[in-house]
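# Architecture and fold: a report
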Amino acid sequence: MRAAIIAGLMAVVGLAGCGGAEPIEEQDSLSTREDALPFCGNQSYWIDYYSDATLSTWVGFMACDCYETAYISGRRTQFAVTDYSSTCG
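Numbering of residues starts from 1 in each chain and follows the order in which that chain's sequence is written. Local features in this predicted model are restricted to residues of pLDDT 70 or higher, and side-chain atom pairs are both shown and tallied only at a pLDDT of 80 or more, whereas totals for entire chains, interfaces and linings draw on every residue. Heavy atoms from the whole structure form the basis of all side-chain values; hydrogens and water molecules are not counted.

Below, the discussion takes up the overall build of the chain. Numbering of helices and strands runs from the N terminus, with a helix taken as a DSSP run of H or I at least four residues long and a strand as a DSSP run of E at least two residues long. Along the backbone of the chain there are two helices and four strands. Written out in order from the N terminus, the α and β elements of the chain read α-α-β-β-β-β. Of all 89 residues assigned to the chain, the portion counted as buried reaches 24%. Any two residues whose heavy atoms approach within 4.5 Å are treated as being in contact. A fraction of 60% describes how many contacts in the chain between residues 6 or more apart in sequence connect residues 24 or more apart. Every accessible area reported is derived by Shrake-Rupley at a probe size of 1.4 Å, with residue values counting cover from the shown protein chains alone. Of the roughly 6,100 Å² of accessible surface on the chain, a fraction of 55% belongs to carbon and sulfur atoms. Only protein chains enter the accessibility calculation, which uses a 1.4 Å probe; a residue is then buried when its area is under 20% of its type maximum, exposed when over 50%, and partly exposed in between.

Let's shift gears to the state of the cysteines. Disulfides are defined as cysteine sulfur pairs within 2.5 Å. Scanning all chains against the criterion turns up two disulfides. Sulfur-sulfur distance for the disulfide between C40 and C64 comes to 1.8 Å. On the S-S bond that ties C40 to C64, the torsion sits near -100°, and the link is left-handed. With a gap of 24 residues between them, C40 in the loop between helix 2 (27-30) and strand 1 (43-50) and C64 in strand 2 (residues 58-64) connect regions that are remote in the sequence.

As a further point, take the sheet that holds strand 4 (residues 79-87). DSSP-based pairing: two strands are paired if at least 2 bridges between them are found. Reading across the sheet, the four strands line up as 3-2-1-4 and stay open at both edges, with antiparallel pairing between neighbours. Every interior strand has two partners, whereas the edge strands, strand 3 (71-74) and strand 4, have only one. Taking each pair of neighbouring strands and ignoring which way they run, the sheet shows an average axis angle of 10°. Here strand 2 runs beside strand 3; their pairing, made up of four bridges, is antiparallel. Looking at the pairing, M62 lines up with I72 of strand 3. Here, axes are lines fitted to C-alpha atoms. For helices the fit covers the stretch in contact, and angles between N-to-C directions go from 0 to 180 degrees.

Okay, the packing of aromatic side chains next. Aromatic rings from Phe, Tyr and Trp, with only the six-membered ring used for Trp, were paired whenever their centres fell within 6.5 Å, and each pair was classed as stacked if the ring planes differed by under 30 degrees, edge-to-face if by over 60, and tilted otherwise. What the rule picks out here adds up to three aromatic pairs. Plain terms: the ring middles of W58 and F61 are 6.2 Å apart, the flat faces sit at 20° to each other, and that makes the pair stacked. Classification of F61 as buried rests on a relative accessible area of 1%. An aromatic cluster is defined as three or more aromatic residues linked by ring pairs; in this entry it consists of W46, W58, F61 and Y71.

A word on unusual backbone geometry. Of all residues except glycine, most have a negative phi; of all peptide bonds, most are trans. Even without a glycine there, the phi angle at L55 is positive, about 55°. In this fold, L55 is placed in the loop between strand 1 and strand 2. Positive phi, close to 60°, is recorded for Y67, a residue that is not glycine. Checked against the element boundaries, Y67 lands in the loop between strand 2 and strand 3. Here Y67 falls in the partly exposed class, since its relative accessible area comes to 44%.

What follows is the structure in structure tokens.
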């Protein structure tokens, strides 16, 4: 159920981002990286990332569901807001 909700939100987020591309910082180093996606373990959470401290320009998110691999879309920055977080049973 939660996976279906996350998939639906990802589709909506994808459609909402059609207005133009944000400049990608550090593209040279990121284009060659092959980091493994984090394993969620017994955690479930959703984190939104913003371009700066005003939290006005959304640039990506990371979603984790109990005992799954995290899903990351867009880019991660130091300006993060955790929308929800819980420990799985």
